[in-house]
Structure formats: structure tokens, C-alpha cells
Amino acid sequence: QVQLVESGGGLVQAGGSLRLSCAASGRTFSAYAMGWFRQAPRKEREFVAAISWSGGTTYYADSVKGRFTISRDNTKNTVHLQMNSLRPEDTAVYYCARKIPSGSYYYTHEYDRWGQGTQVTVSS
């Protein structure tokens, strides 16, 4: 069974940067698209970014375009989220997830495995 573990979260000042990592188990890691979601208190879990199984196609929420970059290294079974120009509204728990083979990249029900999350806090 696949396991996903996020790391790299922390406390950062507005305008700063963080790099999140997601380590995945399983020899079939490269066959799955992957996504990042986030959830702030009292809010629904929302889409942040996704990347195709090959890494050739990426998707971003409008709120993070131009600031965040998703990438993957299939040889190391890892996915990353580089977050630049962070804003207080980016504060949330960030989750890594494995995409099912079909459907939209933007909805939580299209993902079948989730990590435990890593906290990102951006102060003013």
C-alpha cells in the first residue's frame, strides 16, 4: 500500500519562501499524477497544484499562479511544492495526494491517497 509523508512546513514571514516535499512509497509512483491541497481552519480543503505522471503538465489554482511551482522526481519517489512570495492567506495545512487515473485535477474526490499534512504559517 502507498504511503505519503509531507515535510518542509513551518513559520515564515510574508514575502518569504518554503519548499514542501512529499515522499511516496511504492514502485509504481511514476504512474500516478499527484496533487497538493491545503486546508485552513473553518474552510474546505482546496486545490493548490497538480502534476501529471510524467511531469509534463502542471496545474495551479489562480491564487498561487506565478508564486508556487510543483515538480516531481520519479527516481526518488518525491513531489515538491516551491512556495515563493508567501502571503498570510497561504496559511494552512498542506496535503500531498495521489490522483486516480481519470477525472478532474481540482477536486478532492479524484484522489485516493493522502498524507498527514504539514503546517504552513505565514506571518505579516
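S.K.: Can you help me understand the state of the cysteines in this one?
M.R.: Working definition: the covalent bond between the sulfur atoms of two cysteines is a disulfide. The final tally for this structure, using the stated rule, is one disulfide. Note on cysteine connectivity: C22 is disulfide-linked to C96, with sulfurs 2.1 Å apart. Between C22 and C96 the sulfur-sulfur dihedral comes to about -75°; the bridge is accordingly left-handed. Placement of C22 in strand β3 (residues 18-24) and of C96 in strand β9 (residues 92-99) is noted, with a sequence separation of 74 residues between them. Look at C96 and you get buried, because its relative accessible area is 0%.

S.K.: What am I meant to see in the environment of E110 here?
M.R.: Residue placement: E110 occurs in the loop between β9 and β10 (111-114). Linking E110 and A97, residues 13 residues apart in sequence, is a C-alpha distance of 9.5 Å.

S.K.: Explain unusual backbone geometry to me, please; I cannot follow it from the model alone.
M.R.: In most cases, non-glycine residues show a negative phi, while peptide bonds are predominantly trans. The phi dihedral of R42 falls on the positive side, at around 65°, and the residue is not glycine. Here R42 lies in the loop between β4 (34-39) and β5 (46-51). Look at R42 and you get exposed, because its relative accessible area is 83%. Residue S85 is not a glycine yet carries a positive backbone phi of 50°. Position of S85 among the secondary structure elements: in the loop between β8 (78-83) and β9. Residue S85 is classed as partly exposed on the basis of its relative accessible area, which comes to 41%.

How each quantity is defined
Residues numbered from 1 in each chain as written. Predicted model: local features only at pLDDT ≥ 70, side-chain atom pairs only at ≥ 80, totals over all residues. Heavy atoms only, no water. Disulfide = S-S within 2.5 Å. Helix = DSSP H or I, 4+ residues; strand = E, 2+ residues; numbered from the N terminus. Buried < 20%, exposed > 50% of the residue type's maximum accessible area, 1.4 Å probe, protein only.

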